[in-house]
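Understanding the architecture of this molecule
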Amino acid sequence: SQKKFLLLILDLFLIITSQFRFSTCKDVVMMVVGSLCAVLHGSAQPLMLLVFGLLTDTFIEYDIELTELNDDRKECVNNTIQWKRNYSAAADLSLPLNLLLDIEHEMTMFAFYYVGIGFSVFILGYVQISLWVTAAARQIQLIRKMYFSKVMRMEIGWFDCTSVGELNTRMSDDINKINDAIADQVAIFIQRFTTFVCGFCVGFVKGWKLTLVIIAVSPLIGIGAGLMALFVAKLTGMELQAYATAGAVADEVLSAIRTVAAFGGENKEVERYDKNLISAQRWGIRKGMIMGFFTGYMWLIIFLCYALAFWYGSTLVIDTGEYTPGTLLQVFFGVLIAAMNLGQASPCLESFASGRGAATIIFETIDREPEIDCLSEAGYKLDRVKGDIEFHNVTFHYPSRPEVKILDQLNVAVKSGETTAFVGPSGAGKSTAIQLIQRFYDPKVGMVTLDGHDIRGLNIQWLRSLIGIVEQEPVLFATTIAENIRYGRPGVSMEDIITAAKEANAYNFIMDLPQKFDTLVGEGGGQMSGGQKQRIAIARALVRNPRILLLDMATSALDNESEAIVQEALDKVRMGRTTISIAHRLSTIKNADVIVGFEHGRAVERGKHNELLERKGVYFTLVTLQSQGDKALNEKARQSKMSETIFPLNRASIRQRSRSQLSNLVPESSVPIAGDLAPRDDDELVEPAPVARILKYNAPEWPYMLFGSLGAAVNGGVNPVYALLFSQILATFAVTDPEAQRKEIDGICVFFVIVGVVSFFTQMLQGYAFAKSGELLTRRLRRIGFKAMLGQEIGWFDDHRNSPGALTTRLATDASQVQGATGSQIGMIVNSLTNIGVALIMSFYFSWKLTLLILCFLPFIALSGGFQAKMLTGFAKQDKQAMESAGQVRKNIQNICLHVTRTQRNNEREITTYLCFRVISAIVTSGTALGRASSYTPDYAKAKISAARFFQLLDRVPTISVYSNRGEKWDNFQGNLEFIDCKFTYPTRPDIQVLNGLNVSVKPGQTLAFVGSSGCGKSTSVQLLERFYDPDHGKVLIDGHESTRVNVPFLRSKIGIVSQEPVLFDCSIAENIKYGDNSREISMDEVISAAKKAQLHDFVMALPEKYNTNVGSQGSQLSRGQKQRIAIARAIIRDPKILLLDEATSALDTESEKTVQEALDKAREGRTCIVIAHRLSTIQNSDIIAVMSRGFVVEKGNHDQLMAMNGAYYKLVTTGAPIS
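Owing to the predicted nature of the structure, the values given are computational and were not obtained by experimental measurement.

1. Quick notes on the overall build of the protein
Along its length, the protein carries 42 helices and 22 strands. Counting across all 1220 residues of the protein, residues that qualify as buried make up 51%. Within the protein, contacts between residues separated by at least 24 positions form 78% of all contacts whose residues are at least 6 apart in sequence. When the accessible surface of the protein is totalled, it reaches about 55,300 Å², and 59% of it is carbon and sulfur.

Okay, here's the thing in structure tokens:
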């Protein structure tokens, strides 16, 4: 067993020291000295008790003397009290003759003691904290550095599996947690633990009997605290669980906001969210009650403990004479202080534990060896590099998605000095191939070779130095242009930079800028236009003078004009280098030496432009669609130049050009050029909300708040009353008559019990009432906030600041933080205020002079209380040392108070000792209460900010309002649709024109099909019809009414939609189908008939729970075809006049497609229908087919007419190529 024990100690030691593994000798010395200071500091409080005990004895002795002197029968001779002559015969002469005390001298001595202790505490406290904090800061700096440098060495695959946000949290929060665990917390823990040990020593040495009695009661407090912690943890768990389900509902709804909006489910969702909040509220209220109950219980036990200790102690003092009154106080307070410090030391253990947890994760990363180490010296370097790259049977999947095969036995050879173009649909593995060449990843099977050498054997830094890369969205750093170019090869001269800029066609535009090469590019290059960014990126790639140039869609994000310039630059630099170019635009690929077509992770075709056109494969499809679009665009541009010289057509390039010239004069955010008017409501600039408005939301709970405040007021009065009773006890020891003394002591003990019982009930009342009002407020705010979110237009959700995650968090945190301005906070403030009020009234009543004197010190005590509180709420991490010393100052001030009063008391024999105690303790407790009250300000400030963010959301007026009744409605809704010259850009991407003058119309009952490559605006036109967005220019007419004037819920109720990936909610099949119409109660018969129409009924009846089968989160329990059919049934049950099918069958296999297609054909009967599809078989029998490209219709008509036109549609049908 001894062995086991030793092992355990060793384990503990290792666990604790592992956090200090980065400390240097200097740090160790600092920590040791700091710990010594902490031990000395910890022993100061028990030391003060010893002085305090002596002081009390002196006082009481002096009081007895005064009563003796007031006795007519005694006189004072030569500083000795004795009987007067004429009494001496009659009385018993054995009266002990005490020498008179020189009270002045004694008191001055005590004052010096106190000042000495106070001063040393001040110094020790400062040294202990500052040494530990400094040592910790040095270690933390080292850990941060090690961590960051290790993260920089990790392979890219590691970053795929670890989000950047997570790394940020690790860098800040986790390392701060380690900091907390190895900084001042350690010192404070040592200090408090020492106090605990010394306090008990004082108790046992001075009076073991009383100590044992008090210790016997303490388990009751311990049990109370333990149970409270247990219950609170359990209830908090329950509450969080309930909030988590509510949060999951919110998250599900916000993620599927388009579906919710399309089917008008806003109010239904608010109700569903609210249902989950109710249970959370129940748990919260229970938690409040339990906390109130246990706090009350603790106070009750403490007061009973006081009563017991004083009753038993007084017996020991009076009856057996074992103790002096001073000893009684020393023992009592010794044990009390010891217990309190043990309690205060336990939170430190918590921070040690969380620090250890954080350290484990951080140190794991620091110790991890990267799979591809970019700083390693291993591997060989070739003397001359030709630049032949070849992929041999490469199979690859990303580490973050091991189930998806990206490259499947890829074989490609790239010859040196040639330009090879990779083309193919997105997701075919083109960019992945490029990443393998750079060795961002290593293939699982097969290998990539350079000049016949496996690149895994080459030195990685050398390999990467051969490669220059230009990406689709180049990343620039927020520094000057020259620095950005120099990033390509650190330490390169200015001449080289200028040469590279000239080669990249960037020199001229840079020289036109006022600061030339020293122009700052802004965060992420935001001050530059797309074309300028690309050219800087090209210059950066060229400055390395690379052998191999990789161009990943280098011109795709540009408008035509910039594209031409950048393309020219690229053509210049490709000469004599091995170049691999990925592109979607033909103009960029035509003149490549070799074109390789990719599909599903394989290279399926390779050859020159003309050879591949004849093969009619992947490449051919791309070409047909594009050339058609280009032709039409040029045609359109010609027309528009004639007709409208005023309205600039190519808004993107105008915006970029004007932006780049303006941006040198004005910082970026203040240039709202057309289309830059995305909503900007940055969280930082929030004015704190007025408290009155917060309280208005809490108004219905005023009775709770009133009773809670009453309870709080009574609780506030307890402290001063305690001071009163305490001083009363001291007074009893000065009473000479034993009978009267006994009676008084018993009376006081009973009074203690009464105070305890009262405080038990009022604490419960306060806890319950404020928990109830606070929880009701939180629930109300969450509900209102959620409703407000669902009422915003869809464009608002596109902003990354309003992603489902961010909104769910906002609902969770802001609403609960608003409680900080109401609820239990009000209780605390009322509590502190009554405490101060009662204390002041009492003190002035007993001695106004002394009160005024002590009040001079009150501001210091209150300030240091507030200071400490501020420090605890983590406002001033960096001023921690100063704060700690402020805490020490406060102790000294309390001591000085005691002393000033002593001397004042002696000079004017105005008040008795115990009154002096009464005044001091009353005021000192009220001072700390004042400090406590001021410590609520941070919560309070947070609450006001949170509330302001909340009100900002509530006050925001959505541009397309769901909840309003305004707008036109009409009876015989027919479904006659017309798009007239619609232009549109998404609010979050104002520079990309999605619709570019769309003109098309559908008569009631007809079917219109949109065809075209992805990104040409097919789905966007459907969203305009649903009024998720409104067009920027032009209009959408519905039965002749302009869409922007139609009532939104009315319009959406007439439209049914089935999309490519239908969103189902986490409930039963029947409930999902009923979701189609949220305006009424739907019977089961209707559900079944809709299911039959959607070819769904038979499949559902085969399930064990039939229509009550849960579909799982986002329908995960069902196959795609089943989900599609549920979505169709959901659309049918609305009985819509207009049916929108957005690629409704594209994701299905042939068999399910047939079934779903039949269901759709049935559903289309007698309705206006818009179909978007990729497969031509699904469109052929439509009334009108519109072929779209680049945001407008290139050609339209029915199948036969289009075939006769021999245009884009004809080519697609005859080659049978898929439209990607």
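What follows picks up the thread again.
2. Quick word on the side chain of D1030
Along the chain, D1030 falls in the loop between α34 (1018-1025) and β16 (1033-1038). Side chain to side chain, D1030 and R1027 meet in a polar contact 3.0 Å long.

3. Observations concerning the side chain of E266
Within the secondary structure, E266 is located in helix α10 (residues 266-318). One buried charged residue, E266, remains without a salt bridge, the closest side chain of opposite sign being R1052 at 4.2 Å.

4. Some details on the environment of S465
Position of S465 among the secondary structure elements: in helix α13 (residues 460-465). Of the residues examined, S465 reaches a relative accessible area of 32% and is grouped as partly exposed. Taking the C-alpha atoms as reference, S465 lies 9.7 Å from Q438; in sequence the two are 27 residues apart.

5. A word on the sheet that holds strand β6 (residues 445-450)
Judged by pairing direction, the sheet is antiparallel, and its four strands sit side by side in the order β4-β3-β6-β7 without closing on themselves. Strands with a single pairing partner mark the edges of an open sheet, and in this sheet they are β4 (407-414) and β7 (453-454). Across the sheet, helix α12 (residues 430-437) lies against β3 (389-396), β4 and β6, angled at about 115° from β3, the strand it touches most.

6. A few points about the environment of A603
Mapped onto the elements of the fold, A603 is located in strand β12 (residues 602-607). Sequence-wise, A603 and K430 are 173 residues apart; in three dimensions their C-alpha atoms are separated by 9.3 Å. Leave out the neighbours within four places in its chain, and A603 touches L410, N411, V412, V596 and G597.

7. Here we look at the nonpolar core
Y273, F786, L1008, F1010, L1025, L1140 and I1170 are the most contacted members of the largest nonpolar core, which totals 65 residues. Looking at which element gives the most residues to this core, the answer is helix α8 (residues 208-255), with seven residues. Every residue in contact with L1008, bar those within four places of it in the chain, is listed here: V1000, V1002, C1169, I1170, V1171, I1184 and A1186.

8. Points about the sheet that holds strand β8 (residues 467-470)
With respect to topology, six strands assemble into an open sheet ordered β8-β9-β10-β5-β11-β12, the strand pairing being mixed. With partners counted over all chains shown, the strands left at the sheet margins are β8 and β12, one partner each. Sheet twist, expressed as the mean angle between neighbouring strand axes with direction ignored, is 20°. Sheet topology places strand β5 (residues 419-423) next to strand β11 (residues 594-599); four bridges connect them, and they run parallel.

9. Overview of the packing of aromatic side chains
The final tally for this structure, using the stated rule, is 32 aromatic pairs. Arranged with centres 4.3 Å apart and planes meeting at 35°, the rings of Y273 and F786 form a pair that is tilted. Linking Y273 in helix α10 with F786 in helix α25 (residues 738-790), this pair joins segments that are 513 residues apart in sequence. Each member of the pair, Y273 together with F786, is buried.

10. Overview of the pattern of salt bridges
Taken as a whole, this structure holds 20 salt bridges when the rule is applied. Linking R138 and D27 is a salt bridge whose minimum nitrogen-to-oxygen distance equals 2.8 Å. Remark: D27 occurs in helix α2 (residues 25-70) and R138 occurs in helix α4 (residues 103-153); sequence separation between them is 111 residues. The class for R138 is partly exposed, based on a relative accessible area of 32%. Under the relative-accessibility criterion, D27 is labelled buried at 2%. Where E269 meets R272, a salt bridge forms, and the shortest distance between an N and an O atom there is 2.9 Å. Highlighted residues: E269 and R272, both in helix α10, separated by three residues, approximately one helical turn. Among the charged side chains, a salt-bridge network with shared partners connects E271, D274, R779 and R783.

11. Side note on helix α15 (residues 494-503)
If you check which residues of α15 are buried, you get I497, A500 and A501. Down the axis of α15, the smallest arc covering the buried residues is 100°, so these residues share one side. At the exit of α15 stands N505, carrying a positive phi of roughly 55°.

12. Details of unusual backbone geometry
Not every positive phi belongs to a glycine, and N393 is a case in point at roughly 45°. Of note, N393 is situated in strand β3. Judged by relative accessible area, which is 43%, N393 ranks as partly exposed. Despite not being glycine, N545 has its phi angle at roughly 50°, a positive value. You can call N545 exposed: its relative accessible area is 53%.

13. Observations concerning the packing of helix α37 (residues 1084-1093) against helix α39 (residues 1120-1133)
Remark: α37 packs on α39, axes separated minimally by 8 Å, with the N-to-C direction vectors making an angle of 125°. Compared by their axis directions, α37 and α39 come out oblique. Viewed along their axes, α37 and α39 form a crossing whose handedness is right-handed. Contact residues: α37 offers E1086, V1087, A1090, A1091 and K1093, while α39 offers A1129, I1132 and I1133. When its residues are assigned to classes, the contact of α37 with α39 shows six nonpolar, no polar and two charged.

14. Some words on a nonpolar patch on the surface
A grouping of V714, V750, F751, I754 and V758 is seen on the molecular surface, where their side chains present a nonpolar patch of about 400 Å² in accessible area. A total of four residues in the nonpolar patch trace back to one element, the largest contributor, which is α25. Counting through the fold element by element, V714 comes out in helix α24 (residues 702-733).

15. Quick word on the confidence of the model for the protein
The predicted model of the protein has a mean per-residue pLDDT of 75, with 80% of residues at 70 or higher. For residues 640-684, every residue scores under 50 in pLDDT, and the model assigns this stretch 56 contacts once sequence neighbours within four places are set aside. pLDDT under 50 marks residues 872-887. Its contacts with residues more than four places away, or in other chains, come to 24 contacts.

16. Section: the state of the cysteines
Under the definition given, this model contains zero disulfides. Sulfur of C198: no disulfide; nearest cysteine sulfur belongs to C201 and is 6.0 Å away.

17. Examining the pairing of β5
Within β5, five of the five residues are buried, leaving the element largely enclosed by the surrounding structure. Burial along β5 is two-sided: T419, A421 and V423 and T420 and F422, pointing in opposite directions, are all buried. The pairing of β5 with strand β10 (residues 578-582) spans four bridges and is classified as parallel. Within β10, the position partnered with T419 by the bridge is T579.

18. A look at the environment of V51
In this fold, V51 is placed in helix α2. Distance in space between the C-alpha atoms of V51 and F110 is 7.3 Å, their sequence separation being 59 residues. Not counting residues within four places of it along the chain, the set of residues in contact with V51 comprises F110, Y113, Y114 and I117.

19. With respect to the packing of α2 against helix α7 (residues 184-206)
Two numbers describe how α2 lies on α7: the axes approach to 7 Å, and their chain directions differ by 35°. Note that α2 runs across α7; the crossing there is right-handed. The residues of α7 that touch α2, namely those facing S35, A38, V39, H41, G42, S43, Q45, P46 and L50, are A187, I190, Q191, T194, T195, C198, G199, V202 and K206.

Thresholds, definitions, all that
- Residues numbered from 1 in each chain as written.
- Predicted model: local features only at pLDDT ≥ 70, side-chain atom pairs only at ≥ 80, totals over all residues.
- Heavy atoms only, no water.
- Helix = DSSP H or I, 4+ residues; strand = E, 2+ residues; numbered from the N terminus.
- Buried < 20%, exposed > 50% of the residue type's maximum accessible area, 1.4 Å probe, protein only.
- Contact = heavy atoms within 4.5 Å.
- Areas by Shrake-Rupley, 256 points an atom, 1.4 Å probe, with all protein chains shown as cover.
- Polar contact = N/O pair within 3.5 Å; in protein donor to acceptor, adjacent residues only side chain to side chain.
- Lys, Arg positive; Asp, Glu negative; His and termini not counted.
- Salt bridge = Lys/Arg side-chain N within 4 Å of Asp/Glu carboxyl O.
- Pairing = 2+ DSSP bridges.
- Axes fitted to C-alpha atoms, helices over the stretch in contact; angles between N-to-C directions.
- Core = buried A, V, L, I, M, F, W, Y, C linked by side-chain atoms within 4.5 Å.
- Phe/Tyr/Trp six-rings, centres within 6.5 Å; stacked < 30°, edge-to-face > 60°.
- Arc of directions from axis to C-beta.
- Parallel < 35°, antiparallel > 145°, perpendicular 65-115°, else oblique.
- Left-handed = near helix turned anticlockwise from the far one by under 90°.
- Nonpolar A, V, L, I, M, F, W, Y, C, P; charged D, E, K, R; others polar.
- Patch = residues over 30% accessible without salt bridge, like charges linked within 9 Å, V, L, I, M, F, W, Y side chains within 5 Å.
- pLDDT = per-residue confidence, 0-100.
- Disulfide = S-S within 2.5 Å.

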